[in-house]
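# Overview (structure and organization)
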Amino acid sequence: MGRMNRTNLVGLLVVGAALGAALVGVVVQSTRSSSPPPPAPEPAPVDEVAVQEAEPAPPPPPIDVRDRQTDKPNIVMIVACTLRMDLLTPYGGPEQASPFVAQMAADGTRFANAIDAAPWTKAASTALMTGHHPIQVGMTEPKNHANRRRLSSEVTTLAEYLDQAGYETIGLTANPNTNELFGFSQGFDHYVEPQGLWGKGKVHKPSTKKLAESLLPRLDTREDPDAPLYLRLMVTDVHEPIHTTARKMKPFQGLTQYPRRVREYLSMVRQLDMGIEYVWTELGKRGYTADNTILLLVNDHGEGLKWPAKHGHGHGNHVQASTVRMPWVIMGEGVASDHVVQGMASQVDVLPTLLGLAGIEADYAGPGRDWSAQVRGESDRTDRVASYADTWFQRSSRAGVYTEDLACLHDFLDLAEKLGQERINPRTACYDRRNDPMQVEPLGENEALVAQLKDWRHDREADNAAWAHHEDIRVPDDVEAQLEALGYVQGDEELGDEPAHVEKPRRGKGKGKGKERKGKGKGKGR
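This report concerns the structure included in the present document.

Cut-off values and rules
Residues numbered from 1 in each chain as written. Predicted model: local features only at pLDDT ≥ 70, side-chain atom pairs only at ≥ 80, totals over all residues. Heavy atoms only, no water. Helix = DSSP H or I, 4+ residues; strand = E, 2+ residues; numbered from the N terminus. Buried < 20%, exposed > 50% of the residue type's maximum accessible area, 1.4 Å probe, protein only. Contact = heavy atoms within 4.5 Å. Areas by Shrake-Rupley, 256 points an atom, 1.4 Å probe, with all protein chains shown as cover. Pairing = 2+ DSSP bridges. Axes fitted to C-alpha atoms, helices over the stretch in contact; angles between N-to-C directions. Phe/Tyr/Trp six-rings, centres within 6.5 Å; stacked < 30°, edge-to-face > 60°.

### Considering the overall build of the protein
- Within the protein, the secondary structure is distributed over 14 helices and 15 strands.
- Every one of the 526 residues in the protein was classed for burial, and the buried ones make up 59%.
- Here the analysis covers contacts within the protein between residues at least 6 apart in sequence; of these, 78% occur between residues at least 24 apart.
- With an accessible surface of roughly 21,100 Å², the protein has 50% of that area assigned to carbon and sulfur atoms.

### Some points on the pairing of strand β13 (residues 398-402)
- Along β13, five of the five residues are buried, which leaves the element largely enclosed by surrounding structure.
- Going residue by residue along β13, you find R398, G400 and Y402 tucked away on one face and A399 and V401 tucked away on the opposite face as well.
- Here five bridges tie strand β12 (residues 387-391) to β13, and the two strands are oriented antiparallel to one another. From the neighbouring strand, A389 faces β13, where its bridge partner is G400.
- With five bridges connecting them, β13 and strand β14 (residues 406-411) associate as antiparallel partners. Looking at β14, one finds that G400 is bridged to L409.
- Counting the residues in the hairpin turn of β13 and β14 gives three residues.

### Let's talk about the side chain of N179
- In this fold, N179 is placed in the loop between β5 (168-173) and β6 (190-195).
- For N179, a relative accessible area of 4% puts it in the buried group.

### Considering the sheet that holds β13
- Here four strands make up an open sheet; going across it, the order is β12-β13-β14-β15 and the pairing antiparallel. Each edge of the open sheet is held by one strand with a lone partner, namely β12 and β15 (428-432). Strand after strand, the sheet turns through a mean of 15° between neighbouring axes, direction not considered.

### A word on unusual backbone geometry
- In this model, E240 is joined to P241 through a cis peptide bond whose omega is -5°.
- Considering the arrangement of structural elements, one finds P241 in the loop between β7 (229-235) and α6 (246-249).
- The phi angle at T82 is positive, at roughly 70°, despite the residue not being glycine.
- Relative accessible area serves as the criterion here: at 0%, T82 is assigned to the buried category.
- Positive phi, normally seen in glycine, also occurs at D338, with a value near 50°.
- Structurally, the position occupied by D338 is in the loop between β10 (335-336) and β11 (339-346).
- Note on D338: relative accessible area 60%, which makes it exposed.

### Quick look at the packing of aromatic side chains
- Taken as a whole, this structure holds five aromatic pairs when the rule is applied.
- For the ring pair F111 and W328, a centre distance of 3.9 Å and an interplane angle of 20° mean the geometry is stacked. Of this pair, F111 sits in strand β4 (residues 109-115) while W328 is found in strand β9 (residues 328-332), placing the two residues 217 residues apart along the sequence.
- Since its relative accessible area comes to 0%, F111 is described here as buried.
- Under the relative-accessibility criterion, W328 is labelled buried at 1%.
- For the pair Y388 and W456, a centre-to-centre distance of 4.7 Å together with 0° between the ring planes defines the contact as stacked. In this pair, Y388 sits in strand β12 while W456 sits in helix α12 (residues 447-466), placing the two residues 68 residues apart along the sequence. Taken individually, Y388 and W456 each receive the classification buried, so the pair is uniform in this respect.
- In textbook terms, an aromatic cluster arises when at least three aromatic residues are bridged by ring pairs, as seen for F188, Y191 and Y230.

Below, the structure written as C-alpha cells:
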C-alpha cells in the first residue's frame, strides 16, 4: 500500500468546453442567466466618433489567492474525450506521452482494471455523472432511429449531490454531446459550452490549455469563494480530427513500433498532458493544492485507431479493450501515493467513490461501488468481480463483460448477416486479458461468462422498459452540425422513423436547482 498523502479531490477535470468568453474568437454560451445589459448610450456625433479612441479592454481580475482548505476537499474532474488507456505513460504507454499523468500516478492512486460503461460520449458521460448504466436511466436508444435522449431531471447527478453538500459547482464542456441541451448541466451553478467549435467546413478545437485560460477569470471571481469547489472539465485534444505539427510529432518520430496514425494521436496525448499540468499549476497559484484538492483524470471512452486493425478506426460501435478501458488516476487530499488498486472497477463507480472521498452521505442507490477506502490506501484491491460495457450506437447492439482474466463480447444483433457483409470479428468471442490484453486472438467461448453477459443485458433491457422518464428532444440544426462533424449523427432515413415522443428542448438545471439562483437547491427525487 502507498503511504498517505493529504491531497485533495481535484476530481475528474472534465476537460471540456470554454468556460469564459475569451475562447479565441469562439462564442461561449453559459446556462446561468445574468442581469439585462444596460441601455445603449446615445450615439456620438460623427466628428467625435472619428477622433474617439477605442477604449482599452478591461484588465483581467486579479488572481484570487487564499487558503482553500474547507471541511470538504475541492474536486477537479478532468474527462478526456476519446483517451486510450494503454497509450498513457502510467499504463504502459511511451514515457514522453504523458509525464505529468505519470507524476499524478506516482503522487496518487491509479486503478488497474477500470472499464467504461459505453464507448461513446453521451452514454458514457451518463455513467460518469449519474453512477448508472445509461440504459437504466433512458439514455440509450434501443429502437431503430437516432439517439435524441435527454437526461431526465428525475436522475440525480454528481453535481447535484455536491451542490446539496455546499459545493460551488462549475462545469465546462468542449463536446456537444454533453451540452445543456442533453441535460448535462443539471446541478451546476455555472455551465459553459463553446458555440461553433464543430461543424461542416471548419472545425475549431481548442486545446485544454486554451480552455483553461478562458476558465481562470471565472475562478478568480467565484460567488462563494469560501465554499468547496467542484470543477468539471471535458476536453477533446485527442478526439478526431487530429491536426498535429512536425514540432509536436518530433518526440514520437522514433517510435516505429506504432503506426503513424498512432504517433499522431500520441502527439495529442502529450498536448493533453501539458494542458492538465497547466491547469494544476494555475490552480496552485490560487491556493488549490494537493493539501486541499483532489485531481482526477478519467476518459469517457477510448479510440480504435485501427490498432489492432480489427478494432476499427473510431469508437461507438465496439466494446473492445481499445474503446472501453478507462484510465482512472487520482491524487490529492487523503489519497494514497504510489498506490495501484487491482481488481475490477467500472465507470459507474466514479460517482460513489468521489462522494466517499468527500465524506458525503447521499441517497445514491445505483450499481456503482464506493472505492474511497482503496483510494486512501486501506486496501489494494476491489471486490468487484466483473464490469460491463454495452452500446446501442447507431445500428449496433453489442455488450461485453470484463473480469481480470477474461473478456467476453457478444453482438446481440448480427449486422453482418443482416447487411450481407463478411464478419471481421466473431459474433461471440472471449479473450485472455492477461496474455492478450488487446484482444486480438479469440479463445473458445466461455459459456458461463457469456451466459452471465446475456443475463446482465436482459436485466438492463428490463430496467429500460420500466424507466418512466424517457425524454426525447429535437436537436437544433447547429448542434446537429456539430455532432455530425464528430461522427455522431446518422440520418433517420437510415435509422427509421421519428420516436413516438419527441419534445422541444428545454432549459434549466433540473428539478432541484433554479437556473437563476445561486442557493443550494433541494435534492431531486428518483
